Structures are given as C-alpha cells and as structure tokens.
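Structure at a glance
The residues making up each chain are set out below.
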Amino acid sequence: MTMADNAEDHGKYNEALDYAHRALRIRIAEYGDGHQRVGIIYNSIAEMLRTVGRFDEALDYAGKAYEVFVRIFGERPPYVASVYMSMGVLAMELEDFDKALEYYQNALGIYESCYNEIHPDLINVYYRLSNYYGEAKSDYSAAILYLNKCKDLVSKIHSTKHSIISILLNNLAIYYSRMEQFDKAIEAYNESLGIRQELYGKDNLLSAEIYHNMASLYSKMDKYDEAIDLQQKALKIFVQSYGETHPNIVTAYNNIGLFYIEKKDFVNGLEYLNLSKSLSLKIYGEDHTSIATTCINMATAYKKLGQYEKAEELILWFKNLFGEDYYLEIQQNNLPEQQIVNEKLREYSKKLGVKLVATNDVHYIKKKDAELITQKFGLIKDEYICMVSISTP
C-alpha cells in the first residue's frame, strides 16, 4: 500500500489503484477476506475510486470495508464510523441524499459514543452534515448550525486563527448570503479575510477568493461600486500570481464588466467585457461557453448604447459559430422595454437571416405551487411575475 499511497499523492490514480488491488490480493491470500487490514485496503480503494469519479464502484468497496469491520468489531467502533463517512460522501455524489444523511448520522452516533465532545473526527462529520443541509436540502439554518459546531470544535482543538476556520467562515458567509442576512455574511467574510491575510500575507490567492465572493454579495445588494472595488482587488492578486493569462482573470474581467452594466455604465462595462472576450479567445479558442456568455452581455450593452452595428457584429459571430442552431429569442411579458427589444430583434432576424424563437418563462406548473416556490427561494413577487408571463391553471 505504500507504493499505492505514493502514486496517489502524485496524482497517478490508475497506478495507485493497480498497486492497491495487488496489495488487496496479497492480504486476502495471507489473512483471508475478513481481516482488519483487508478492510482498510477496501476503504482506501473506495477513496481512490471516488477521486476519479467512479462512484458506484467506490460505494461497492466501501460496503465491503463496512462488512469486514462490522464482522470484527461490531457496529460501534470508529473504524465503522469512518466507512459510514465514506459511504455518505459517495451517496452525496450519487445524489442519494436520504442515504447520505443516514450514513452521516450513523457515523455521528458512533463518534459521540466513543469520544468526548472534543475530537477531530467530529469536525469532519459536522462539516459533511453542513454540506448535506446546505447543498442537498437548501436548509441553510441547519447548515449554519453544523458549521458553527465545526468552527467551535476547530477553535478548541487548534486555534481561532486556524486556516480551517477561514474556510468555515467563508461557507457561513455563503449561507448567510443565501438567506439574505447580508450583515452577517459581510462579517463572516471579513473575519475569514483577516485570518487568511494574517496567515499568508495581504495579497494571497485565498484572499482573492474572499474578495471575489464579497463582490458577488455586494452585487446582490445592488452596491455595484463596492462590488467593482472588491473584484478589482481579486483581479490584482490574480495578475500578480498567474501573470496576464489565466481563467480566473477571464472571470474577473467579465464580472467587473457586468457590475458596470448593472450600474448603467455601459462604456466601462464594454471595456471589461472586451478584455474578457479577448482573453477567453486566447485561452480557450472560439468554441468555449465563456465566450458566448460574454458576447451576449456585450450585445446587451451595445443595444443599450444604441450601437446597433456592434450588436449586429456579435449576432453574426454567433450565427457563424452555431449555424442553423442559433436563434434570437423574443418574449411577450407586457413590459414596455421588452416590446422595444422584440422589434429590434425582428429587424435583426430579417436583415441577418437568423431565426426567431418565441419563449416565456415558466416558474411553476400550477398556481397552487407558488407557495412552495416562495417558501424555498423567498420569491415573494414570483406569483405576480408568473401571472404576467403565462396563464397559470
């Protein structure tokens, strides 16, 4: 297994799996298939398979490890809990969320019965439970509860300035933002940023991540000047760290452009969107989705500025890229500005030979479903939007 571990550390996963399977065959021949060392190898193989995305096979090997450990130790020892954790992660990857929760809760029950309240193994299970509630169930209150448990435990075992704390604070900020508790989100982001700057220096890539996330938050709050300033700080770090050519720089240029467009500064918006487009072409070539997204945003800005020739150039660019699969979208939603857009799109369709497609948004199927949508996403005005857009039964 030493050779397998070494290969895995160097990212050579197929080689690592080959060595691990050899070790497994040797251990089974030496001890039989019910030995503790065999169970450990089963679990290691499961982790390797998960890393390369072979989740069903990984779950099969995790199940074999579970059977070995239960046969030897019974249902309660930490070895069994570690396998439950592996199976929970795999169930999350396979989107079997109920099973994932069952595995995590089983692991938590074992750890709590084996250890006191302060043990490193509890950090992992609390973190996984926060991920389950936040990402699988959109229960952000529960996610925050487990993240705070995790944070308190890391503080007691390590310190309040540990790098893990900065990660947990970043996740807390994301969930506070989704709940529109913006003050708490900003406080968590700033605390995370302070830890990262203290540990790694002012201009480090981990701080750039926080600047980027905070920029998105301020944009959500319609505070575009603050969003632009924060994204500029992230951009500066990206350029210092990567040079002038990197996907993160493409994203930063695009975001700054969008923030300017949101504040109706189309000239500056187009400047940054053009930078994003040029760099995307250099990195990816013409067929990458990031270029298409940027061009759509540029077309919107050109239309707002009345620079219709530039908008036409972008439409022709898309037509050349997608051929007969490219359409111009019109909608009927009773908004005056939409009528102006529709007329211009009809002109483009005739002039440039691009097909039109008429669409309308559908936010739910039946009128009674509005309450569920409102509860899940907080879209208080969603029912009105849908009634304007479509006739709900």
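First things first, this report covers the structure right here in the doc. (Residues numbered from 1 in each chain as written. Predicted model: local features only at pLDDT ≥ 70, side-chain atom pairs only at ≥ 80, totals over all residues. Heavy atoms only, no water.)

**Some points on the side chain of Asn-255**
Rules: Helix and strand assignments follow DSSP, with helices taken as H or I runs no shorter than four residues and strands as E runs no shorter than two, numbered in order from the N terminus. Think of it in three bands: with a 1.4 Å probe and only protein chains considered, a residue is buried below 20% of the maximum accessible area for its type, exposed above 50%, and partly exposed in between. Any N or O atom pair separated by 3.5 Å or less is treated as a polar contact, with the protein-specific requirement of one donor-capable and one acceptor-capable atom, and with residues adjacent in sequence counted only for side-chain atom pairs. Contacts between residues were defined by any pair of non-hydrogen atoms, one from each residue, lying within 4.5 Å.
By the element assignment, Asn-255 lies in helix H13 (residues 247-262). By relative accessible area, Asn-255 is classed as buried at 14%. There is a polar contact of 3.3 Å between the side chain of Asn-255 and the side chain of Gln-231. In this view, Asn-255 contacts His-212 and Gln-231; residues no more than four positions away in its chain are not counted.

**A closer look at empty space enclosed by the protein**
To keep it simple, the criterion reads: A cavity here means a set of 1 Å grid points, computed over protein atoms only, where a 1.4 Å probe fits but cannot escape. A pocket is an open set with protein on both sides within 12 Å along at least 5 of 7 lines, and lining residues have an atom within 4 Å of a point. Grid points are joined across faces, edges and corners, and a volume is the space filled by probe spheres set on the points. Under the convention adopted here, Pro, Cys and the residues Ala, Val, Leu, Ile, Met, Phe, Trp and Tyr are nonpolar, Asp, Glu, Lys and Arg are charged, and Gly plus all remaining residues are polar.
Here the structure, examined in full by the defined rule, presents one cavity of 30 Å³ or more. One number sums up the size of the largest cavity: a volume of about 40 Å³. The wall of the largest cavity is formed by Lys-319, Gly-323, Glu-324, Tyr-326, Gly-353, Val-354 and Lys-355. Of the residues contributing to the lining of the largest cavity, the split by class is two nonpolar, two polar and three charged.

**Side note on the nonpolar core**
What counts is decided by this rule: Only buried residues count toward a nonpolar core, which is a set of Ala, Val, Leu, Ile, Met, Phe, Trp, Tyr and Cys residues joined through side-chain atoms within 4.5 Å.
Core analysis: the biggest nonpolar cluster contains 93 residues, and Ile-45, Tyr-104, Val-125, Tyr-126, Leu-129 and Tyr-133 have the highest contact counts within it. Sort the elements by how many residues they give to this core and helix H5 (residues 78-93) lands first, with 10 residues. Dropping the residues within four chain positions of it, Tyr-133 is found in contact with Leu-101, Gln-105, Ser-138, Asp-139, Ala-142, Ala-143 and Tyr-146. Ile-261, Tyr-302, Ala-311 and Leu-345 belong to the second largest nonpolar core, which has 22 residues in total.

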